[in-house]
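Here are the chains, one letter per residue:
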Amino acid sequence: MSGGLAHRWDLSAAAAIALQKSLAGQVERADRLGPGGRRAIRHVAGVDVAFEEGGAITRAAVVVLRRADLVTVESAVARRPTRFPYVPGLLSFCEVPAILAALTALSQRPDLLLCDGQGLAHPRRFGLACHLGLLADLPAIGVAKSRLIGAHAEPGPAKGDWAPLMAPGKTGGRMMRIGAVLRSRAGVKPLYISIGHRVSLRTALAFTLRGTTRYRLPEAIRRADKLSKGGAPG
DNA sequence: GCGACAG
DNA sequence: ATCTTGTCGC
């Protein structure tokens, strides 16, 4: 169930960084959504992980929601030994192996992935959402609860208000927009939204908002978070 | 050299 | 992320 790209995971930090640099150029920043690649989104999947045994085991959960009414239609969990430590900037090497295992357990592939982490808003423009989207060959959005890099103004107080997340370009020094800081609900800390793969920032913001109802996080991620921590599937 | 640092 | 009591807000 992957898109042809695959690579080894037993890497040193230096090798992991080199791999990120070599794959970053393959990330697609424009919309290419839906079944097959260019149609309406029917099912969105929230992805999250939790750790057991003091971090020795990574438990990944994926919950698939019907886009029309946000009803959960399927879910899967996968446990794998944690083979890479958490290092800021290298999070995907710690979590993606277990997440790919959970995705493989699904009976049907979702049309979009909502990931708990950054996408392009990353030191090498290759956060978890980019890495996962590329390997799973699926559109992906990065939805992080806190900042990794970049500067921004405080977004307005109303749901939907947002401010651009800016960072110096890779080569030169001009400030570039790498994502957005979104008020997903009034009265809560904003979320950091960025492109993962095959989704424009505009679309990423729209989907995050549409899927956010009672909580700070979109329903898909909220349910995946609960499931990864041991909650019941439905 | 000194902070900052997704989960 | 994870370890945890009392406390604040709606």
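Residues numbered from 1 in each chain as written. Chains lettered and ligands numbered in written order. Predicted model: local features only at pLDDT ≥ 70, side-chain atom pairs only at ≥ 80, totals over all residues. Heavy atoms only, no water.

A few words now on the nonpolar core. Ranked by internal contacts, the top residues of the largest apolar core, which has 39 residues, are F93, L112, F126, I141, V143 and I193. With residues up to four places along the chain from it excluded, the contact list for V143 reads C115, D116, G117, L191, Y192, I193, T208, L217, P218 and I221. A60, A76, A98 and A140 belong to the second-largest nonpolar core, a separate cluster that totals 24 residues. (Core = buried A, V, L, I, M, F, W, Y, C linked by side-chain atoms within 4.5 Å. Buried < 20%, exposed > 50% of the residue type's maximum accessible area, 1.4 Å probe, protein only. Contact = heavy atoms within 4.5 Å.)

Surveying the vicinity of DNA strand C reveals the residues A50, F51, K145 and K229. Interatomic distance of 3.2 Å between a backbone N/O atom of F51 and a phosphate oxygen of DNA strand C. Side-chain polar atom of K145 to a phosphate oxygen of DNA strand C: 3.3 Å apart, as the coordinates give it. The residue inventory of the surface near DNA strand C, partitioned by class, reads two nonpolar, no polar and two charged. (Near = heavy atom within 4 Å. Polar contact = N/O pair within 3.5 Å; in protein donor to acceptor, adjacent residues only side chain to side chain. Nonpolar A, V, L, I, M, F, W, Y, C, P; charged D, E, K, R; others polar.)

Taken together, the eight strands give an open sheet; going across it, the order is β3-β2-β1-β4-β5-β8-β7-β6, and neighbouring strands pair in mixed fashion. A strand with exactly one partner marks an edge of an open sheet, and here the two such strands are β3 (72–81) and β6 (162–168). In this sheet, adjacent strand axes meet at a mean angle of 30° when their direction is disregarded. Pairing geometry for strand β7 (residues 175–182) and strand β8 (residues 191–197), over three bridges, is antiparallel. When the sheet's bridge partners are listed, L182 is paired in β8 with L191. The sheet contacts of helix α3 (residues 128–136) involve β1 (43–52), β4 (112–115), β5 (140–144) and β8, and relative to β8 the element is tilted by about 30°. (Pairing = 2+ DSSP bridges. Helix = DSSP H or I, 4+ residues; strand = E, 2+ residues; numbered from the N terminus. Axes fitted to C-alpha atoms, helices over the stretch in contact; angles between N-to-C directions.)

Below, the discussion takes up the protein's contact with DNA strand B. Around DNA strand B, the surrounding shell holds 18 residues, and the nearest of these are Y86, G89, K145, S146 and R147. When atoms of DNA strand B within 4 Å of the protein are sorted by moiety, sugar and phosphate together comprise 52%. Contact distances for DNA strand B include 3.1 Å between a base nitrogen and a backbone N or O atom of G89. In the model, a base nitrogen of DNA strand B is placed 3.3 Å from a nitrogen or oxygen of the L90 main chain. Of the residues in the surface near DNA strand B, the class split is seven nonpolar, six polar and five charged.

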